[in-house]
Amino acid sequence: MPLLRNAEEMLLKIIDKMRRVFLLPLMLVLVSISVKAQNDETMTKMNVMGGMMNLRNALLSKDSIALSKVLADEVTYGHTNGLTQSKAELITSVMSGEQEYKSIDPYDINVRAYGNTAIVNMKSKVEMNYQGKPLDLNMKILLVWINKDEVWKLVARQSTKL
């Protein structure tokens, strides 16, 4: 009986040591994965914000090349008046001066990342000329961005007046 008790105690000690030996590295790996995931999400949000800045600058400067780079080919760009434009329609309208952006001031920006997709909810104050008439807007905007070939592109936008 004492021999059996000693064997049980030794087995329990071995199991306890194994638990410690394997548990610590496992915990370190899990913490590392968590930190990497947080870093990846932060980088994604920063890249999407960069895409939003590129879109804003391209609209303000009437830069068709920059617009073409930031807009996905299949983008749907919805406005507060119900108009929805394709990539070609938006670029043509901006370049022709039909839509002439004077200022775009986003605020209350919330970016959520889901792998290769990001959703942005925000508000924006926009001063522009639309079909030659001044238009001041305060609106809520929903943007959907996708990571295509390592580049974040706008695939959908919809806005509504506040």
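If you're wondering where the values come from, they're calculated on a predicted model, not measured in any experiment. (Residues numbered from 1 in each chain as written. Predicted model: local features only at pLDDT ≥ 70, side-chain atom pairs only at ≥ 80, totals over all residues. Heavy atoms only, no water.)

J.: What should I look at first to understand the overall build of the protein chain in this one?
T.: When helices and strands are counted, the protein chain shows three helices and six strands. The order of α-helices and β-strands along the protein chain, N terminus first, is α-α-β-β-α-β-β-β-β. Taken over 162 residues, the protein chain has a buried fraction of 30%. Put simply, 48% of the contacts in the protein chain that link residues at least 6 apart link residues at least 24 apart. Summing over all exposed atoms, the protein chain offers an accessible surface of approximately 10,600 Å²; the carbon and sulfur share of this is 60%. (Helix = DSSP H or I, 4+ residues; strand = E, 2+ residues; numbered from the N terminus. Buried < 20%, exposed > 50% of the residue type's maximum accessible area, 1.4 Å probe, protein only. Contact = heavy atoms within 4.5 Å. Areas by Shrake-Rupley, 256 points an atom, 1.4 Å probe, with all protein chains shown as cover.)

J.: Mind showing me how you'd approach the sheet that holds strand S5 (residues 133-148) here?
T.: Paired through backbone hydrogen bonds, the strands of a sheet run either parallel or antiparallel to each other. Sheet architecture is open: six strands sit in the order S2-S1-S6-S5-S4-S3, paired in mixed fashion. Either end of the sheet is taken by a strand with one partner, and the two such strands are strand S2 (84-85) and strand S3 (99-114). The pairing of S3 with strand S4 (residues 117-130) spans 13 bridges and is classified as antiparallel. Residue pairing in the sheet places Pro106 in a bridge with Ser124 of S4. Here helix H3 (residues 87-96) sits on the sheet in contact with strand S1 (71-78), S2 and S3, set at roughly 70 degrees to S1. (Pairing = 2+ DSSP bridges. Axes fitted to C-alpha atoms, helices over the stretch in contact; angles between N-to-C directions.)

J.: For this particular structure, what's the right way to read the confidence of the model for the protein chain?
T.: Low pLDDT marks regions whose predicted coordinates should not be analysed in detail. Overall, the prediction assigns the protein chain a mean pLDDT of 86, with 77% of residues at 70 or greater. S1 holds the highest mean pLDDT among the elements of the protein chain, 98, whereas helix H1 (residues 2-61) holds the lowest, 71. (pLDDT = per-residue confidence, 0-100.)

J.: Honestly, the nonpolar core in this entry has me stumped. Any pointers?
T.: Leu71 and Trp145 are the most contacted members of the largest nonpolar core, which has 29 residues in total. Of all the secondary structure elements, the ones that give two or more residues to this core are H1, helix H2 (64-70), S1, H3, S3, S4, S5 and strand S6 (151-161). Excluding residues within four positions of it along the chain, Leu71 makes contact with Leu55, Lys87, Leu90, Ile91, Lys153 and Leu154. The next biggest cluster of nonpolar side chains, apart from the first, holds five residues, and it includes Ala72, Ile119, Val144 and Val155. (Core = buried A, V, L, I, M, F, W, Y, C linked by side-chain atoms within 4.5 Å.)

J.: What should I look at first to understand the pattern of salt bridges in this one?
T.: Pairing between side chains of opposite charge can happen when the charged atoms of each approach one another. Evaluated as defined, the whole model comprises five salt bridges. With a shortest N-O distance of 2.9 Å, Lys87 and Asp73 are connected by a salt bridge. Placement of the pair is Lys87 in helix H3 and Asp73 in strand S1, with a sequence separation of 14 residues. With a relative accessible area of 63%, Asp73 lands in the exposed category. Ionic pairing is found between Asp108 and Lys123, a salt bridge with its closest N-O pair at 3.6 Å. In this pair, Asp108 is assigned in strand S3 and Lys123 in strand S4, connecting sequence segments 15 residues apart. Look at Asp108 and you get exposed, because its relative accessible area is 53%. (Salt bridge = Lys/Arg side-chain N within 4 Å of Asp/Glu carboxyl O.)

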